Amino acid sequence: MFDLLGSAAGAAVVFAATDVDDIVILTLFFVAARTTGRPRPGQIVAGQYLGIGALALASAVVATGLLVVPDPWTGLLGLLPVALGVRALLDRDDDEAPDVVGGTLGVAGVTIANGADNVAVYVPVFRALGPADSAVFLLVFVVLIALWCAAGAWLGGHPRVIRLVERTGRWLVPAVLVAIGVAILATSGVVGHLLDLAG
């Protein structure tokens with residue numbers, strides 16, 4: 001019993017440490033849902049589950065040795081939020097906030113891109129766990145994704161947050177996505193790897 005509680009606590013720490021930045025993205029998505037209608041709240045939740053689920057599955061597969069992913073190349077996923085942010089900045093309408101992500105797959109894509117570095121944490125964790133502990137980790141992840149979505153929805157419904165995003169949303173949401181993408185590219189080492197290949 002104590003082992004399972006310890007595993008649950010460990011899972012909560014791992015999830016919180018690797019997904020704290022998702023709160024910002026979820027908040028922006030929920031504000032967009034309230035102000036523009038896209039993505040819809042159900043699509044945000046489904047996309048978050050799909051994205052985190054894909055990261056956990058990929059990590060489990062890599063942990064079992066069935067797939068080897070060269071670390072720097074996962075950084076290329078940073079191009080997705082950069083592309084979404086740049087597109088929204090270029091297509092912006094002065095009367096409307098940009099429609100950055102329109103549905104479940106868009107939310108999942110941003111979640112996966114933002115969580116590419118999670119795989120580096122999840123893989124050694126899953127390697128060290130037995131089947132029972134892995135199941136506990138996944139169950140805790142399922143519960144915490146719901147909690148993260150609830151926190152993002154609450155923040156996204158706060159009048160001050162809504163006013164801030166309404167005033168600055170034309171550039172704030174795309175700028176946050178571009179910043180996330182650039183951070184992923186910079187910290188992953190993929191840029192240096194590409195320069196080495198080109199040189």
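Rules used throughout
- Residues numbered from 1 in each chain as written.
- Predicted model: local features only at pLDDT ≥ 70, side-chain atom pairs only at ≥ 80, totals over all residues.
- Heavy atoms only, no water.
- Helix = DSSP H or I, 4+ residues; strand = E, 2+ residues; numbered from the N terminus.
- Expected span 1.5 Å × (residues − 1).
- Buried < 20%, exposed > 50% of the residue type's maximum accessible area, 1.4 Å probe, protein only.
- Phe/Tyr/Trp six-rings, centres within 6.5 Å; stacked < 30°, edge-to-face > 60°.
- Patch = residues over 30% accessible without salt bridge, like charges linked within 9 Å, V, L, I, M, F, W, Y side chains within 5 Å.
- Areas by Shrake-Rupley, 256 points an atom, 1.4 Å probe, with all protein chains shown as cover.
- Salt bridge = Lys/Arg side-chain N within 4 Å of Asp/Glu carboxyl O.
- Axes fitted to C-alpha atoms, helices over the stretch in contact; angles between N-to-C directions.
- Parallel < 35°, antiparallel > 145°, perpendicular 65-115°, else oblique.
- Left-handed = near helix turned anticlockwise from the far one by under 90°.
- Contact = heavy atoms within 4.5 Å.
- Nonpolar A, V, L, I, M, F, W, Y, C, P; charged D, E, K, R; others polar.

Participant: For this particular structure, what's the right way to read helix H2 (residues 22-35)?
Facilitator: Residue pairs spaced three or four apart in an α-helix point in one direction, given the helix's 3.6 residues per turn. The end-to-end C-alpha separation of H2 is 20 Å, in line with the 20 Å expected for 14 residues at 1.5 Å each. Among the 14 residues that make up H2, eleven are buried, leaving the element largely enclosed by the rest of the structure. Looking one or two residues past H2, Gly37 carries a phi angle of roughly 85°, positive in sign.

Participant: Mind showing me how you'd approach helix H7 (residues 131-156) here?
Facilitator: Between its first and last C-alpha atoms H7 spans 37 Å; for 26 residues at 1.5 Å apiece the expected length is 38 Å, and the two agree. Buried residues of H7: Ser134, Val136, Phe137, Val140, Phe141, Leu144, Ile145, Trp148, Cys149, Gly152 and Gly156, and no others.

Participant: Where do I start with the packing of aromatic side chains in this structure?
Facilitator: All told, the structure shown has five aromatic pairs when counted by the stated rule. For the ring pair Tyr122 and Phe141, a centre distance of 5.3 Å and an interplane angle of 45° mean the geometry is tilted. Placement of the pair is Tyr122 in helix H6 (residues 118-128) and Phe141 in helix H7, with a sequence separation of 19 residues. Here Tyr122 matches Phe141 in class, with each residue buried.

Participant: Teacher, can you tell me more about a nonpolar patch on the surface here?
Facilitator: Together, Leu76, Leu79, Leu194 and Leu197 line one region of the surface with nonpolar side chains, adding up to about 350 Å² of accessible area. With respect to the element layout, Leu76 can be found in the loop between helix H3 (41-63) and helix H4 (79-90).

Participant: Any chance you could explain the packing of H2 against H7 here in plain terms?
Facilitator: The angle between the axes and the distance between the axes are what describe a pair of packed helices. Closest axis-to-axis distance for the H2/H7 pair is 7 Å, and the angle between their directions is 55°. Regarding the angle of H2 to H7, the classification is oblique. Considering only the axes of H2 and H7, their crossing is right-handed. Residues Asp22, Ile23, Leu26, Thr27, Phe30, Val31 and Arg34 of H2 form the contact with H7, whose own contacting residues are Trp148, Cys149, Ala151, Gly152, Ala153, Leu155 and Gly156. Taken together, the residues of the contact of H2 with H7 sort by class into nine nonpolar, three polar and two charged.

Participant: It is not clear to me how the side chain of Thr27 should be interpreted in this structure. Could you clarify?
Facilitator: The residue Thr27 is located in helix H2 in this model. Among the residues examined, Thr27 registers a relative accessible area of 9% and is labelled buried. Excluding residues that lie within four positions of it along the chain, Thr27 makes contacts with Gly152, Leu155, Gly156 and Val161.

Participant: Where do I start with the environment of Phe15 in this structure?
Facilitator: Within the fold, Phe15 resides in helix H1 (residues 2-19). Between the alpha carbons of Phe15 and Phe141 there is a distance of 6.7 Å; along the sequence they are 126 residues apart. Contact partners of Phe15, with chain neighbours within four places excluded, come to Ile52, Tyr122, Phe141, Leu144, Ile145 and Trp148.

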